[in-house]
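Each chain, written out:
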Amino acid sequence: MSPTSPASSSDGASPVSRTCPRNPPSTRRLTTAQALVAFLARQYTERDGRRHRLISATWGIFGHGNVAGIGQALVEAGNGRRNSEGTRNGGGTRNGDGTRNGDGQRNRTRPRMPYLQGRNEQAMVHAAVGYARQSGRLSAHAVTTSIGPGATNLVTGAALATINHLPVLLLPGDTFATRPADPVLQQLEVPYAGDVSVNDCLRPVSRYFDRVTRPEALIPAALQAMRVLADPAETGAVTLALPQDVQVEAYDWPDEFFAERVWRVRRPAPDTAELEAAVRAVRSARRPLIVAGGGVRHSGAEETLAAFTAATRIPVASTQAGKGALRHDHPADVGGIGHTGTATADELARTADLVIGVGTRYTDFTTASGTLFQNPAVRFLNLNITGFDAHKLAALPLVADARTGLEALTSALAGRGYRIDPAYETEYTGAKEAWEEQVEASFTTPDPTARPTQTQVLGLLDTLVTEEDILINAAGSLPGDLHKLWRTRSRDQYHVEYGYSCMGYEIPAAIGVLLATEAQGHEGRPVWALVGDGTYLMNPTEIVTAVQENLPLRLLILQNHGYASIGGLSEAVGGERLGTAYRHRDPDGGFTGPPLPVDLAANAASLGMRVLRASTVDDLRKALAEARGADGPTCVYVETETPDTVSGPPPAQAWWDVPVAETASRPAAVTAREEYDRRVAARRHHL
């Protein structure tokens, strides 16, 4: 992907210097860090005629590895400077890019590179990922850290970004390139390689990695970084490791480096032969099923998918990333698919003769670990922007942008008279109605004075939200309940990170989403971070950031005294729930004593949140309504009841392969292995 690059224009970063008396080139003497920040401020993406700033802000925690370099460059870019009244920019309500003016209102003059203050490096990456997803991957954030633990704390967030194909620019400090002191503070010494630092652990989780050991090496590295970030088939975490001495070294940079660049986000059309093969496959199918993945959302292809289903009546199941591709009440929507899917979608998957994957990676949850698609004649047609994913499951590939590909497929089928058998449509719409009855039963709260179950909490939230609300979750038992039960009302309401399923993602991601909605001009959209107690304890630090920025984060904490999801899995595979409850030790050394006296509500309040406690269904209904109307960070805390057979969620509709001990002395594991052997026999290799 090549950018367009109009003539350079000065942004006032530095005076122009001339180094050659004859035909002198125009240059600017800047440090490497200053040059990088100035460069990033001039990068844009463009898709469908709309332009977006590619790197709209930088998160940072400073230490000796970046404070004098990137930190000073961000000051040069206008962060923290005094205005004409002598007051510092800060306080009060905020801009989508993080800037404020001196009296606490929105700053009319934004820094060239706004700075956002985080509390944990991993959390800063999560916030950047939430921002990128909400921005349609067209705008992203950078994250700067010092060397050592600050840099290694990036690894989990980087893996999450890359697995989910979401852009984030990582700028970790690095040890001295010139090695005047060796080792320096926090340096990892590798006896067999002098050029290795802890930043090398970011290589396998980055889509592009470079270590900038000379100032002039920044030019090709920065251009490659932007190319990858803006490429929908390549994007993910991008790392530019910056030795601390190189960051502060001055260099005469050509003005052309700072020219405004527009990186056009391509929408590749399908190959003619692949399209014709796809049309033949669809026309010959009697029981086709669409599996909509995250690529539908990233492409903005929801309306195109709806038009395709209107023409063909093919039902649409969704992955965690694809949920919301159609509204829950769309006639063709049959809900989530796979281990956490609906009975409707999973039964259609078992009998489908053609599975049309649109923008999906087919993870093991989606395919029920290779046991879901059981029709002996089943074949796959995969529409994906990457050839790697398009060829999975021995599929017919249709390598293209999701929207462009669906448009081409719809057009090619038009006039050829294809539509599914009306009996098939009647079958799946009837099954969907039956499933909705199960959803209602799970959401029902007959006793307003009782402690709610987790699914009843979701039911109460379901009655409150509109298409404006956004729900964020990532780990625990909530993703399963949400995938099966949640009624998605808009294309971006359902934000469940399940590519990496990272505990601790929700709170910082919600901050990123709030920043993105404000930048899009949609300030005021209610954004909910749904967390269990295990997830909350992993990463509550960015509550402080939400309070500092006065972001109206709605945090819903469900206290069930442990890891509910993994506890159930542990029981199913013979692990007997070891280490999954937050309880005191018993006399035998186990964890079956009383619940730990941990007050998460008090903890959230100590970090600056307003907290609403709810102990009953009625309390919770009122607290949720109050939180939704709040204009600042607000937490709703509720202890949930263990579900019974009436109010609990429907059981899993498909299997998930978690290997069980082949030999064991305890009955629980022996029984679990017998069930495992029975299930694994149904696995298929689609060749």
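The structure this text deals with has already been given above.
Residues numbered from 1 in each chain as written. Predicted model: local features only at pLDDT ≥ 70, side-chain atom pairs only at ≥ 80, totals over all residues. Heavy atoms only, no water.

1. What to know about the pairing of strand S3 (residues 43-47)
Within a regular strand, side chains alternate between the sheet's two faces.
Okay, so step 1: Of all five residues that make up S3, five are buried, and the element is covered over most of its length.
Okay, so step 2: Burial along S3 is two-sided: Gln43, Thr45 and Arg47 facing one way and Tyr44 and Glu46 facing the other are all buried.
Okay, so step 3: Inspection of the sheet shows S3 paired to strand S12 (residues 261-264) by four bridges, in the parallel sense. Across the sheet, residue Thr45 finds its bridge partner in S12, namely Trp263.
Okay, so step 4: Counting the residues between successive antiparallel strands, the hairpin from S3 to strand S4 (residues 50-53) contains two residues, one of them, Asp48, with a positive phi of roughly 55 degrees. (Buried < 20%, exposed > 50% of the residue type's maximum accessible area, 1.4 Å probe, protein only. Helix = DSSP H or I, 4+ residues; strand = E, 2+ residues; numbered from the N terminus. Pairing = 2+ DSSP bridges.)

2. Things to note about empty space enclosed by the protein
Okay, so step 1: According to the stated counting rule, one finds four cavities of 30 Å³ or more in the structure shown.
Okay, so step 2: Volume-wise, the largest cavity comes out at about 660 Å³.
Okay, so step 3: For the largest cavity, the lining is made up of 47 residues, of which His165, Gly294, Gly295, His298 and Gly359 are closest to its centre.
Okay, so step 4: Elements with a minimum of two residues in the lining of the largest cavity: helix H6 (218-230) and helix H9 (294-299). (1 Å grid on protein atoms, 1.4 Å probe; cavity = no way out; pocket = protein on both sides within 12 Å on 5 of 7 lines; lining within 4 Å. Points joined across faces, edges and corners; volume = space filled by probe spheres on them.)

3. What about helix H13 (residues 402-413)?
Okay, so step 1: Over its 12 residues, H13 extends 16 Å from the first C-alpha to the last, a length consistent with the 16 Å expected when each residue adds 1.5 Å.
Okay, so step 2: Buried within H13 are the following residues: Ala402, Thr404, Gly405, Leu406, Ala408, Leu409, Ala412 and Leu413.
Okay, so step 3: Where H13 is buried, its residues touch helix H8 (272-284), H9, helix H10 (302-312), strand S16 (354-358) and strand S17 (379-384).
Okay, so step 4: Remark: Gly415 follows H13 within two positions and exhibits a positive phi of approximately 85 degrees. (Expected span 1.5 Å × (residues − 1). Contact = heavy atoms within 4.5 Å.)

4. Overview of the sheet that holds strand S22 (residues 553-559)
Okay, so step 1: With parallel pairing, the six strands of this open sheet are ordered in space as S20-S19-S21-S22-S24-S23. Sheet topology places strand S20 (494-496) and strand S23 (610-614) at the edges, where each strand pairs with a single neighbour. The sheet shows a mean angle of 20 degrees between the axes of neighbouring strands, direction not considered.
Okay, so step 2: Across six bridges, the pairing between strand S21 (residues 527-532) and S22 is parallel. Residue pairing for S22: Trp528 is matched across the bridge by Arg554.
Okay, so step 3: Across the sheet, helix H16 (residues 478-485) touches strand S19 (470-473), S20, S21 and S22, and the angle it forms with S20 is around 150 degrees. (Axes fitted to C-alpha atoms, helices over the stretch in contact; angles between N-to-C directions.)

5. Digging into the pairing of S23
Okay, so step 1: In this structure, S23 lies alongside strand S24 (residues 634-639), joined through five bridges in parallel fashion. Bridged to Arg610 within S24 is Thr634.
Okay, so step 2: Following the chain from S23 across helix H22 (residues 617-628) to the adjacent parallel S24, one finds a crossover that is right-handed. (Right-handed = clockwise from strand over helix to strand, strands pointing away.)

6. Section: the layout of surface pockets
Okay, so step 1: The space that makes up the second largest pocket amounts to roughly 1100 Å³.
Okay, so step 2: Forming the walls of the second largest pocket are 41 residues, and the residues nearest its centre are Arg50, His52, Gln134, Ser135 and Gln520.
Okay, so step 3: Mapped onto the lining of the second largest pocket, the elements with two or more residues apiece are S4, helix H3 (121-134), H9, H10 and helix H17 (506-519).
Okay, so step 4: Residues that form the lining of the second largest pocket fall into these classes: seven nonpolar, 15 polar and 19 charged. (Nonpolar A, V, L, I, M, F, W, Y, C, P; charged D, E, K, R; others polar.)

7. Quick notes on the packing of aromatic side chains
Okay, so step 1: Throughout the structure, instances matching the rule amount to 12 aromatic pairs.
Okay, so step 2: Where Tyr362 meets Phe380, the ring centres are 6.1 Å apart and the plane angle is 90 degrees; that geometry is what we call edge-to-face. Here Tyr362, found in the loop between S16 and S17, pairs with Phe380, found in strand S17; they are 18 residues apart in sequence, far enough to count as distant. Just as Tyr362 is buried, Phe380 falls in that class too.
Okay, so step 3: Here the aromatic residues Phe39, Tyr251, Trp253, Phe257 and Phe258 are joined through ring pairs into a cluster of three or more.
Okay, so step 4: Between Arg51 and the ring centre of Tyr44, over which it is positioned, the NZ or CZ distance is 5.5 Å.
Okay, so step 5: Directly above the ring of Tyr637 sits Arg613, whose terminal nitrogen or CZ lies 5.8 Å from the centroid. (Phe/Tyr/Trp six-rings, centres within 6.5 Å; stacked < 30°, edge-to-face > 60°. Lys NZ or Arg CZ within 6 Å of the ring centre and 35° of its normal.)

8. Concerning the side chain of Gln456
Okay, so step 1: Topologically, Gln456 is positioned in helix H15 (residues 454-464).
Okay, so step 2: Within the local environment of Gln456, its side chain forms a polar contact with the backbone nitrogen of Thr453, the two atoms lying 3.0 Å apart. (Polar contact = N/O pair within 3.5 Å; in protein donor to acceptor, adjacent residues only side chain to side chain.)

9. Some points on the sheet that holds strand S18 (residues 396-399)
What links the strands of a sheet is backbone hydrogen bonding, and the strands pair in either a parallel or an antiparallel sense.
Okay, so step 1: One open sheet accounts for six strands, arranged S15-S14-S13-S16-S17-S18; its pairing is parallel. Where the open sheet ends on each side, the last strands, each with one partner, are strand S15 (333-336) and S18. Geometrically, the sheet is characterised by an average inter-axis angle of 20 degrees between neighbouring strands, direction not taken into account.
Okay, so step 2: The pairing of strand S13 (residues 288-292) with S16 spans five bridges and is classified as parallel. Residue Pro288 lies in a different strand from S16, and its bridge partner there is Leu354.
Okay, so step 3: The sheet strands contacting H8 are S16, S17 and S18, and the helix crosses S18 at an angle near 130 degrees.

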